[in-house]
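Per-entry structural report
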Amino acid sequence: MAVRECDVVIIGAGPAGLAAALYASRARLRTLVLDKGTPGGQVRTTWSMENYPGFVRGMTGPELMDRFAEHAKEFGAEIMRGDVTEVDFGGDPKIVKTHGGEEYRARAVIVAPGAEPRTLGLPGERELRGKGVSYCATCDADFFEDLDIVVIGNGDAAVEEAMYLTKFVNSATMIVVHDEGILDATAVIRDRAFKNSKMKWVWNSVVEEIRGDGIVESVVIKNIKTNERTELEANGVFVFVGTVPKTDFLRGHVELDRRGYVVANELMETSVDGVYCAGDARIKYLRQVITAAADGAIAAVAAEKYIHEEEGFREMVLDPEEPVMVAFWSPASQASLDFLPTVERVAEGRRGKLNLVKIDIYKNQRVAGRYGVAEAPTMAFFRGGQLVEKVCWPTNESELAAVADKVIGG
Amino acid sequence: MLEVNKENFEAEVLGAAGPVLVDFWSTKCEPCMALVPEVEALAEKYGDRVKFCKLNVLENRRLSIGQKVLGLPTIAIYKSGEKVAELTKDDATVANIEAMIKEHGR
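Notes on the structure in this doc start here. Note that the coordinates shown come from a computational prediction; the quantities given were computed from them, not determined experimentally. (Residues numbered from 1 in each chain as written. Chains lettered and ligands numbered in written order. Predicted model: local features only at pLDDT ≥ 70, side-chain atom pairs only at ≥ 80, totals over all residues. Heavy atoms only, no water.)

In helix packing, the relevant descriptors are the interaxial angle and the interaxial distance, both defined with respect to the helix axes. Residue and element names in this part refer to chain B. At a closest axis distance of 11 Å, the pairing of helix 2 (residues 30–46) and helix 4 (residues 94–104) adopts a crossing angle of 25 degrees. In terms of orientation, helix 2 lies roughly parallel with respect to helix 4. Where helix 2 crosses over helix 4, the two elements pack in a sense that is right-handed. Here helix 2 contributes Leu35, Glu38, Val39, Leu42, Lys45 and Tyr46 to the contact with helix 4, which in turn contributes Val94, Ile97, Glu98, Ile101 and Lys102. A class-by-class count of the residues in the contact of helix 2 with helix 4 yields seven nonpolar, no polar and four charged. (Axes fitted to C-alpha atoms, helices over the stretch in contact; angles between N-to-C directions. Helix = DSSP H or I, 4+ residues; strand = E, 2+ residues; numbered from the N terminus. Parallel < 35°, antiparallel > 145°, perpendicular 65-115°, else oblique. Left-handed = near helix turned anticlockwise from the far one by under 90°. Contact = heavy atoms within 4.5 Å. Nonpolar A, V, L, I, M, F, W, Y, C, P; charged D, E, K, R; others polar.)

And the structure:
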């Protein structure tokens with residue numbers, strides 16, 4: 001079993017993962033991106049891409065993703081094929097394992113696994129998948145040239161994909177649960193759809209069943225106002241009803257919400273130190289290429305800071321053989337600033353026997369928090385990588401000197 | 001891998017003596033393109049147990065629909081003119097394809 005080490009492993013090569021890879025590799029971190037398929041994520045299956053700033057027309061989803069991937073590689077990121085099945089975020093390094101048995105070890109991990117189309121669980125839906133039931137317009141549009149299809153869903157994605165399909169099909173019938181004229185899609189997309197002569201509309205209705213012997217032949221539609229059921233002949237059924245996060249492999253490792261989305265804060269920090277989440281798999285307001293890319297950039301910068309902070313702390317405080325005196329100070333605490341000259345004098349008098357490290361608790365909140373340092377000044381003493389003494393608000397030089405000598409003698 | 005189409009499908013797939021794998025694909029299908037190197041690798045490994053063919057559905061739409069293939073990617077195995085196994089969409093993973101070859105191969 002191969003083991004590879006690097007600074008950052010990014011799981012998922014959609015826009016979030018690729019943007020993270022670009023930022024991380026440009027910050028000179030050894031960056032590895034793992035994805036089970038071709039880079040690009042869900043954007044790969046989206047043809048029309050007209051709301052990514054800077055590209056009004058003529059840019060497709062796959063093309064934009066190829067550019068994202070090229071850009072990340074330009075700065076040294078490595079994009080590899082790998083289906084991540086197992087993670088261990090408990091120690092340092094963090095461990096990521098793939099289906100093929102490869103193991104990756106990294107200082108920080110950015111999870112950007114994205115989401116996949118949600119299925120409805122209708123009778124016939126599973127059986128007829130690939131037999132006329134589709135969740136990917138660009139994949140399957142060609143089969144339905146001059147045929148009649150039904151589209152389930154009425155959000156932006158559903159209506160845009162349906163409009164793409166009208167370039168191929170004879171008709172696309174939209175089954176919409178709302179009253180006539182009302183769509184979840186935004187106004188600009190709605191207006192364009194209403195002008196499209198190949199699109200037909202069935203209002204106040206849901207699809208109850210997909211029927212067919214081997215291939216799709218019809219759907220059963222129920223009007224939710226009258227409860228009346230009708231059977232509509234169709235050669236294909238395209239389902240665009242939102243997505244579900246691909247986070248099963250993270251269950252029990254980072255905090256997820258009830259629906260499986262990753263809980264992360266504004267810095268993309270998950271419930272585990274050094275593990276970040278970016279893109280559609282995160283709880284967020286808007287899931288678009290641009291917000292995924294933004295998440296990726298933030299996650300990479302936060303991960304870089306984390307790695308340097310941890311590395312610095314280990315080198316200066318945990319690794320040395322001689323005892324280390326850490327002065328936790330803060331620019332906001334005048335008392336801590338006033339106390340620093342005293343700290344310097346105590347250290348100077350014990351040169352060679354005691355190292356001094358000064359840490360700004362405002363800039364290093366994670367390290368401070370780990371050792372229960374809530375306010376400045378706090379003096380902490382380390383030996384052999386362990387915290388051995390902690391003094392909160394030491395008052396004078398003799399008190400500090402006494403503790404220092406006890407640690408040195410200890 | 002042997003390229004099959006509406007002209008030779010009958011002879012090369014349906015009329016073949018042993019098991020035949022058919023990779024239904026198209027240049028527009030990104031998941032299919034992602035699978036190409038994987039299937040090529042399987043062809044190297046299992047070429048002696050199964051005959052590997054690929055069929056571009058863009059040029060052979062009627063034939064594909066006739067084979068009840070209306071979605072990509074789809075990978076099927078034929079024996080004595082009958083489709084005996086098939087993987088489509090998310091199920092068409094390398095691991096599943098390999099398992100299917102082992103089950104239905106020579």
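Resuming the write-up.
Turning next to the state of the cysteines. Where two cysteines share a covalent bond between their sulfur atoms, that bond is called a disulfide. Taken as a whole and assessed by the stated rule, the structure comprises two disulfides over all chains. Sulfur-sulfur distance for the disulfide between Cys136(A) and Cys139(A) comes to 2.2 Å. Looking along the S-S bond of the Cys136(A)-Cys139(A) disulfide, the torsion reads about 70 degrees, which is the right-handed sense. The exposure classification of Cys136(A) matches that of Cys139(A), with both residues buried. A sulfur-sulfur separation of 2.2 Å characterises the disulfide bridge that pairs Cys29(B) with Cys32(B). On the S-S bond that ties Cys29(B) to Cys32(B), the torsion sits near 80 degrees, and the link is right-handed. Each of the two residues, Cys29(B) as well as Cys32(B), counts as buried. Cys53(B) forms no disulfide, and the closest cysteine sulfur to it belongs to Cys32(B), at a distance of 16 Å. (Disulfide = S-S within 2.5 Å. Buried < 20%, exposed > 50% of the residue type's maximum accessible area, 1.4 Å probe, protein only.)

This paragraph deals with unusual backbone geometry. In this structure, Pro377(A) follows Ala376(A) across a cis peptide bond, with omega equal to 0 degrees. Looking at where Pro377(A) falls in the secondary structure, it is placed in the loop between helix 8 (365–370) and strand 20 (378–383). Each neighbour pair has its own omega, and for Leu72(B) with Pro73(B) the value is -10 degrees, a cis peptide bond. Structurally, the position occupied by Pro73(B) is in the loop between helix 3 (61–66) and strand 4 (74–79). Of note, Arg28(A) is a non-glycine position whose phi angle comes to about 65 degrees, a positive value. Along the chain, Arg28(A) falls in the loop between helix 1 (15–26) and strand 2 (31–35).

Let's shift gears to the sheet that holds strand 12 (residues 205–211) of chain A. Residue and element names in this part refer to chain A. Pairing within the open sheet is antiparallel, and its three strands lie in the order 12-13-14. Sheet topology places strand 12 and strand 14 (229–233) at the edges, where each strand pairs with a single neighbour. The mean inter-strand angle of the sheet, taken between neighbouring strand axes irrespective of direction, is 30 degrees. Across six bridges, strand 12 lies against strand 13 (residues 218–223) in antiparallel orientation. Looking at strand 13, one finds that Val207 is bridged to Ile221. (Pairing = 2+ DSSP bridges.)

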